[in-house]
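Below, each chain spelled out in residue letters.
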Amino acid sequence: MARRQESARGSMPLSELLVSKESRAMASFGVRDLDTMMRFAPRRYMVPAPLRSLREIHQGEEVSAIVEVESVRDRAMRSRHGFVLEVTVSDGTDSLPLTFFLTKQHQVQWHRGRLPIGARILVRGTVGYDGYRKALQLTHPDYEPVEDTDEGRAWAQRPRPVYPLRQNIAQATMRSATEKGLEYAGSLSRPVPAEALARRGLSPLEEAVRRVHLPLTVEDTRRGMAHLRYEEAFVLQTIFAQRRAQDERTPAPVLAAEGPLQGLFDERLPFALTDGQREIGAKLEERIGNGHPTSVLLQGDVGSGKTVVALRAMLRAVDSGHQAVLLAPTEVLAEQHHRTLTTLLGELSRAGQLDAHPEATRVRLLTGSQRTAHRRETLLDVTSGQAGIVVGTHALLTEGVEFASLGLAVIDEQHRFGVDHRRRLRAKGPSGQSPHVIVMTATPIPRTAALATVGDLDVLTLRESPGHRAGVSSFVVHEKVESWVTRMWQRAAEEIAAGRQVFVVCARIDEEEADAPAPPALDEEGREKAPPLEPARGVLQTVRRLAERPELAGARLAVLHGRLSGEEKQEVMERMGRGEIDLLVSTTVIEVGVDVPNASVMVILDAERFGVSQLHQLRGRVGRGEHAGIAFLDTSAEPDQAHSQHLQRIAEAPDGFALAELDLRRRGAGDLVGEEQSGLQRTLKHLDVLRDARAIEQAREDAFAVVAADPELTAHPALAGAVEERLRDADPDVERS
């Protein structure tokens, strides 16, 4: 703790530095100390128009000019309360009136005090037209004193920082606060070693923050921000480097046995493994055969065969005398995985039953809603080691679940599990050892984004799909074009008539309840522009409407949503699996991992309300068998509106890798691994993982070198403090590795 205090000593509270108005303004953004304020970057910079002669100006133009005050006069307004202040200025050739409409006499006096006759000022504003005098004028321009020298002109042309604002906060207040802070920039905490900055050609921190908050040129702003981006990347990469160093010092079960279950399973498979599955499988075997815990992100598009690859690694754990666990984000998915594994393994999963293979193990399911007697029986198998493979939700991480010897944990869908879940998994290993961890995701993460957001994981990527899937075609359907909607339901009916099944997904359960807000569309500059949308449709009302559509007459309809009990959900999915339901209306509870090979149509209503990765997951629920899938992205947005164009790009994206790139460009890294994941990537302040790829790579190299030489950061107290601060910002419950 002493080290933490030492590193934070330079962090002066803003209440000691600023007037109350300024400190309140900063506090509204959560900024309460000097270190944080100096790293609170402007949203953008306003670059003044080039200095002009008054003779060259035209109505409607932005103008900047160095002028001298010639005359000042004020008068009361005739038609309403207040005053008009008229200031005539000249650049030595031409004159121009500056006009201010003011409500109070003291405002008039304030301007008069700053605009004495003969004063030289820089004036900036939009050229207007005075219809009464038939002349050009500037109304309420910005102005400041300036010297008519080379230095003065350079100062006049400097970029102005534009900070984010809250209600009743002025830009001048934010600028005044940061400029005061610059006087104390020498006392800031410096987490990045000076030699790393020098190696990368970056400005020292004191110089960098001056360039960020009080730049003289556009190049200053670039060089100042380059330091802040590198520093942020460096602290993140230090966290990842420390986690990896911790793994290197921690023992793990050696999972190196060659059989017998692995060979028997390969013989049972009804299809040949792809080259990609074999290659990734060999890399996993190499890692889990190591005596230190491995942390792998296994990413592959929907349908790339990740489950089979992970199951082969789990069997290797069982063959090596240990247990494996598969964690799913929802009970529906856990039950689906349990069915998938027991189907794939067949007699190899039925140890203790009459038809079991002599080498069989047990595959047990453990969820929060299981009845007590059944749960007790399952826990006994887990504790005794009779269950070689355990499938469950995060209920498996509760303190009451003890494994006989957990060697491998597979986490499905990274974005539903936080870092704290991974920490609790680590504690489940046998006698001081830590299990290996494989995280599976069907939402691929581009390489630089992975380095910035999950840099403590080794990324292995399955790029090819097994040949036994037919694939999916996607189409955008506009609700406002009735003929398209009719054709969509006709296609669904045609597939049902051919013996196949349909999913319909809604954004909420019940239309009687408050509508969920739609995600905003962004324009080219990243600004929000959210055209009004129709209220989202609900599962309960949609199933009634579909029952009345003539195209779907006679179809067997059912619903699935979060208000059903665990048993009810399981029963619905089993009926769907047996082909007893033609069309299932559901919420996104079916988003991940649900496997109904006979389903060929996915209709997503109000598709504009879903994230990119959600839409990709949902359309991946169809076309999983021999029949080609069709996904309809149904939207209430107007054709060619921003939401509609975004959906069209999703429909046209060939795979999850292209979509991940699209998602990254549209939303930044924050959503890549979802809201419930550890907040490290959600709290990126300055980094853009596409733009700053090079800085991230360099910071990674430098941070890993620092941690290799000083794993506990004993010689780097400021860096240790920044790491602790970052982890606390990201997730109050995150591990302190």
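Note that the coordinates shown come from a computational prediction; the quantities given were computed from them, not determined experimentally.

## Considering the overall build of the chain
- Helices and strands together make up the secondary structure of the chain, namely 24 helices and 21 strands.
- On the chain, roughly 32,400 Å² of surface is accessible, and the fraction owed to carbon and sulfur atoms is 49%.

## Let's talk about the sheet that holds strand E13 (residues 406-412)
- As summarised here, the arrangement of the seven strands in space is E11-E12-E10-E13-E14-E9-E15, forming an open sheet in which the pairing is parallel. Each having just a single partner strand, strand E11 (362-366) and strand E15 (458-462) make up the two edges of the open sheet. Each adjacent strand pair in this sheet contributes to an overall mean axis angle of 20°, direction not counted.
- Here five bridges tie strand E9 (residues 295-300) to strand E14 (residues 436-441), and the two strands are oriented parallel to one another. Note that in E14 the partner of Leu297 across the bridge is Val439.
- Along the sheet, helix H13 (residues 331-345) makes contact with strand E10 (323-327), E11, strand E12 (387-392) and E13, crossing E11 at roughly 170°.

## Looking at the sheet that holds strand E19 (residues 583-586)
- Pairing is parallel across the open sheet formed by six strands, whose spatial order is E16-E21-E20-E17-E19-E18. Taken across any chain shown, the strands that pair with only one partner, and hence form the sheet edges, are strand E16 (472-478) and strand E18 (557-560). Sheet twist, expressed as the average angle between the axes of neighbouring strands with direction ignored, equals 20°.
- Relative to E19, E18 runs parallel, the two being bridged by four bridges. Paired with Leu560 across the two strands is Ser586, which belongs to E19.
- Here helix H19 (residues 566-577) sits on the sheet in contact with strand E17 (501-505), E18 and E19, set at roughly 140° to E18.
- Across the sheet, helix H21 (residues 642-652) is in contact with E16 and strand E21 (629-635); its angle to E16 comes to roughly 165°.

## Some words on the nonpolar core
- Grouped together as the largest cluster of nonpolar side chains are 50 residues, with contacts concentrated most on Tyr230, Phe234, Val325, Leu396, Phe403 and Leu425.
- Excluding residues within four positions of it along the chain, Phe403 makes contact with Gln323, Val325, Val382, Val390, Leu396 and Lys428.
- Judged by nonpolar contacts, the second largest core, of 39 residues, contains Leu261, Leu298, Val309 and Leu348.

## What to know about the packing of aromatic side chains
- Counted by the stated rule, this structure contains four aromatic pairs.
- Consider the rings of Phe100 and Tyr143, whose centres lie 6.1 Å apart with planes at 80°: the pair is edge-to-face. Here Phe100 is found in strand E4 (residues 95-102), whereas its partner Tyr143 is found in strand E7 (residues 142-145), with 43 residues between them in sequence.
- Residue class for Phe100 comes out buried when judged on its relative accessible area of 2%.
- For Tyr143, a relative accessible area of 9% translates into the label buried.

## What about the environment of Ala226?
- On the secondary structure map, Ala226 appears in helix H9 (residues 218-249).
- The exposure class assigned to Ala226 is partly exposed, which follows from its relative accessible area of 27%.
- With 14 residues separating them in the primary sequence, Ala226 and Val212 have C-alpha atoms 9.6 Å apart.

## Describing the environment of Ala360
- Locating Ala360 in the fold gives a position in the loop between H13 and E11.
- Looking at Ala360, the relative accessible area reads 18%, which means it is buried.
- Note: C-alpha distance between Ala360 and Ser349 (11 residues apart in sequence) is 5.6 Å.
- Among all residues touching Ala360, those that are not within four sequence positions of it are Leu261, Glu347, Leu348, Ser349, Arg350 and Ala351.

## Some words on the pairing of E10
- Counting buried positions along E10 gives five out of five residues, so the element sits mostly inside the fold.
- Going residue by residue along E10, you find Gln323, Val325 and Leu327 tucked away on one face and Ala324 and Leu326 tucked away on the opposite face as well.
- The pairing of E10 with E13 spans five bridges and is parallel. Residue pairing across strands places Leu326 opposite Val410, the latter belonging to E13.

## Notes on the side chain of Ser600
- Locating Ser600 in the fold gives a position in strand E20 (residues 599-604).
- Here Glu495 takes part through its side chain, which lies 2.6 Å from a polar atom of the side chain of Ser600.
- The contact partners of Ser600, leaving out residues within four places of it in the chain, are Glu495, Arg500, Gln501, Val622, Ala628, Gly629 and Ile630.

## Some details on the side chain of Asp35
- Note on placement: Asp35 falls in helix H3 (residues 34-38).
- Accessibility expressed as a relative area gives 8% for Asp35, which makes it buried.
- From its side chain, Asp35 meets the backbone nitrogen of Ser189 in a polar contact 3.0 Å long.

## Some thoughts on the environment of Val218
- Tracing the chain through its elements places Val218 in helix H9.
- Taking C-alpha positions, Val218 is 9.9 Å from Gln157, a pair spaced 61 residues apart along the chain.

## Topic: the pattern of salt bridges
- Within this structure, the stated rule accounts for 50 salt bridges.
- Across the pair Asp381 and Arg364 runs a salt bridge whose closest N-O atoms are separated by 2.5 Å. Taken together, the residues Asp381 in helix H14 (residues 372-384) and Arg364 in strand E11 connect sequence positions 17 residues apart.
- Its relative accessible area of 7% is what places Asp381 among the buried residues.

## Brief notes about helix H12 (residues 306-319)
- Between its first and last C-alpha, H12 extends 20 Å over 14 residues, near the 20 Å set by a 1.5 Å rise per residue.
- For H12, the tally of buried residues reaches 13 of 14 residues, placing the bulk of the element in the interior.

## Thoughts on the pairing of E13
- With respect to burial, E13 is a largely interior element, seven of its seven residues being buried.
- Two elements, E13 and E14, share five bridges in a ladder whose sense is parallel. Each bridged residue has a counterpart across the sheet, and for Ala409 the counterpart in E14 is Val437.

## Focus on unusual backbone geometry
- The phi angle at Lys134 is positive, at roughly 55°, despite the residue not being glycine.
- Position of Lys134 relative to the elements: it lies in the loop between strand E5 (120-130) and strand E6 (135-139).
- Of the residues examined, Lys134 reaches a relative accessible area of 59% and is grouped as exposed.
- Positioned with a positive phi, Leu713 is a non-glycine residue whose angle comes to about 60°.

## A look at the packing of helix H11 (residues 275-288) against H12
- Taken N-terminus to C-terminus, the directions of H11 and H12 make an angle of 35°; their axes are 10 Å apart at the nearest point. Crossing handedness for the pair H11 and H12: right-handed. Contact residues: H11 offers Gln277, Ile280, Gly281, Leu284, Glu285 and Ile288, while H12 offers Val308, Val309, Arg312, Ala313 and Arg316.
- By residue class, the composition of the contact of H11 with H12 is six nonpolar, two polar and three charged.

## A closer look at the confidence of the model for the chain
- Per-residue confidence for the chain averages 84 on the pLDDT scale, and 87% of its residues sit at or above 70.
- When the criterion is pLDDT under 50, residues 520-529 qualifies, and its contacts beyond four places in sequence or with other chains add up to 17 contacts.
- Between residues 732-737, whose pLDDT stays under 50, and residues either more than four places distant or in other chains, the model counts 14 contacts.

Conventions we followed
- Residues numbered from 1 in each chain as written.
- Predicted model: local features only at pLDDT ≥ 70, side-chain atom pairs only at ≥ 80, totals over all residues.
- Heavy atoms only, no water.
- Helix = DSSP H or I, 4+ residues; strand = E, 2+ residues; numbered from the N terminus.
- Areas by Shrake-Rupley, 256 points an atom, 1.4 Å probe, with all protein chains shown as cover.
- Pairing = 2+ DSSP bridges.
- Axes fitted to C-alpha atoms, helices over the stretch in contact; angles between N-to-C directions.
- Contact = heavy atoms within 4.5 Å.
- Core = buried A, V, L, I, M, F, W, Y, C linked by side-chain atoms within 4.5 Å.
- Buried < 20%, exposed > 50% of the residue type's maximum accessible area, 1.4 Å probe, protein only.
- Phe/Tyr/Trp six-rings, centres within 6.5 Å; stacked < 30°, edge-to-face > 60°.
- Polar contact = N/O pair within 3.5 Å; in protein donor to acceptor, adjacent residues only side chain to side chain.
- Salt bridge = Lys/Arg side-chain N within 4 Å of Asp/Glu carboxyl O.
- Expected span 1.5 Å × (residues − 1).
- Left-handed = near helix turned anticlockwise from the far one by under 90°.
- Nonpolar A, V, L, I, M, F, W, Y, C, P; charged D, E, K, R; others polar.
- pLDDT = per-residue confidence, 0-100.

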